Amino acid sequence: MPDTLTLPRLDDLHVHLRQDALAAQVAPLTWTGGAGRVLVMPNLRPALTTVEAVLAYRAALQAIEPRLDYLMSICLHPGLDRSAVRAAAAAGIRVLKWYPHGVTTNSSLTGSLSECAEACAAAQDEGLIVSLHGEAPDDPAQGIDRMNAEQAFLPQLVALHQRFPRLRIIFEHATSAAAISTLADLGPTVAATITPHHLLLTADDWQTDPHSYCKPVAKTAADRAALQAVVASGDPRYFLGSDSAPHPAAAKAGNQPAAGIFTAPILAPLLADIFDTLGCLDQLPAFATTRGAAFYDLPPAQGRISLQRRPSRIPAQINGLIPLRAGHDLKWTLGACKE
Ligand SMILES: [Zn+2]
């Protein structure tokens with residue numbers, strides 16, 4: 001077992017860097033956590049629905065933290081027509097991100113996937129990726145709740161792939177055994193991101209800890225085992241998207257805490273700890289630096305980080321933001337890095 005691990009800076013292909021004062025804290029912490037290239041999510045207030053708004057957001061992020069390489073996404077919504085998708089591609093935007101109505105932070109304007117067919121067809125032609133937050137809305141009459149909302153969405157994923165077989169689709173933050181088995185039957189144009197927290201947590205965690213609560217929620221031990229098995233297997237269609245999503249401490253307090261788990265500042269040592277514990281440390285470089293780049297068609301990840309096998313303590317809070325497993329120890333430490 002190696003005691004030192006040297007990697008390119010991580011490709012974190014699903015992050016929430018937030019905006020304004022919160023972004024000014026979060027973007028630098030994302031760099032110090034080991035990421036180099038990030039796919040930035042567009043669910044700001046207001047949501048990023050135009051090319052101009054996405055480019056202005058990228059410029060703001062570059063002014064805050066110029067060392068990160070920002071890959072941008074735009075909200076996929078029914079108003080996005082073919083010419084808008086072409087303009088997005090021409091501006092270097094990589095991803096059209098779809099949120100189901102009302103499921104996540106600032107997702108109130110999104111229409112149904114079938115209402116977005118023109119944009120999906122254009123994305124297929126232009127080589128853009130469609131990225132899905134795959135959850136059906138809660139519906140007590142249909143028996144749909146947080147624990148099975150992902151499974152209830154899967155027929156829509158299959159239908160989108162069948163309608164647009166050349167369209168690259170990312171099923172974001174897969175959390176269930178049902179999702180893994182559905183993806184096994186789909187073609188190479190469909191991939192999935194997996195978060196570190198879904199490799200660690202089950203429903204027992206978020207029921208008692210608001211800082212372990214996110215959407216989609218962590219599910220059963222059997223679901224977690226399916227995620228662990230697929231990352232250990234080396235399947236090239238699964239790669240890192242941390243879904244790191246900080247909220248101010250006040251939004252995490254009370255009876256209805258905001259959904260989102262903050263892992264960006266501890267991302268590299270957290271992943272090393274998880275993969276080490278799972279006995280698949282050899283899979284970490286591909287999971288976090290090459291498979292996502294291959295699916296996105298990106299050049300190899302740049303920079304260098306070095307991890308050492310010695311304990312590091314996760315801070316109790318960082319600038320008032322509380323990370324996952326605050327106060328606990330990780331088996332790995334991210335060394336000081338210049339690049
Ligand atoms: Zn997210």
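Residues numbered from 1 in each chain as written. Predicted model: local features only at pLDDT ≥ 70, side-chain atom pairs only at ≥ 80, totals over all residues.

Novice: Lay out the sheet that holds strand β3 (residues 35–40) with the relevant residues and their values.
Specialist: Ordered in space as β2-β3-β4-β5-β6-β7-β8-β9, the eight strands form an open sheet in which the pairing is parallel. Whereas interior strands pair on both sides, the edge strands pair on one side only; in this sheet they are β2 (10–15) and β9 (238–240). In this sheet, adjacent strand axes meet at a mean angle of 30 degrees when their direction is disregarded. Two strands pair when backbone bridges link them, and strand β5 (residues 95–98) and strand β6 (residues 129–132) are joined in this way by four bridges, in the parallel orientation. Opposite Leu96, over in β6, you have Val130 as the bridge partner. (Pairing = 2+ DSSP bridges. Helix = DSSP H or I, 4+ residues; strand = E, 2+ residues; numbered from the N terminus. Axes fitted to C-alpha atoms, helices over the stretch in contact; angles between N-to-C directions.)

Novice: Can you lay out the nonpolar core for me, pointing to particular residues and giving the numbers?
Specialist: Membership of the largest hydrophobic core comes to 103 residues, with the highest contact counts inside it found for Val40, Leu96, Ala119, Ala123, Val130, Phe171 and Leu271. With seven residues, helix α11 (residues 267–277) is the single largest residue contributor to this core. Leaving out residues up to four positions away in the same chain, Val130 has contacts with Leu76, Leu96, Trp98, Cys120, Ala123, Leu167 and Ile169. (Core = buried A, V, L, I, M, F, W, Y, C linked by C-beta atoms within 7 Å. Buried ≥ 20, exposed ≤ 12 C-beta atoms within 10 Å, placed from the backbone. Contact = placed C-beta atoms within 7 Å.)

Novice: Mind laying out the sheet that holds strand β10 (residues 305–308), listing which residues take part and the relevant values?
Specialist: Pairing is antiparallel in the open sheet, where three strands are placed in the order β1-β10-β13. Every other strand in the sheet has two partners, leaving β1 (4–7) and β13 (333–334) as the edge strands with one partner each. Both β1 and β10 contribute to a ladder of four bridges, which runs antiparallel. The partner of Thr4 across the bridge, within β10, is Gln308. Against the sheet, α11 contacts β1, β10 and β13, and its axis sits at roughly 50 degrees relative to β10.

Novice: Please provide a residue-by-residue account of the pairing of strand β7 (residues 168–171), values included.
Specialist: Alternating positions in β7 separate into two faces, Arg168 and Ile170 on one and Ile169 and Phe171 on the other, with burial throughout. Pairing analysis gives four bridges linking β6 to β7, with the strands arranged parallel. Along β7, the bridge assignment pairs Ser131 with Ile170. Handedness of the crossover is the feature at issue here: the chain leaves β6, passes through helix α5 (residues 149–163), returns alongside β7, and the resulting connection is right-handed. As paired elements, β7 and strand β8 (residues 190–194) share three bridges and run parallel to each other. Paired with Phe171 across the strands is Ala192, a residue of β8. The β-α-β motif built from β7, the intervening helix α6 (residues 177–184) and the parallel element β8 has right-handed crossover chirality. (Right-handed = clockwise from strand over helix to strand, strands pointing away.)

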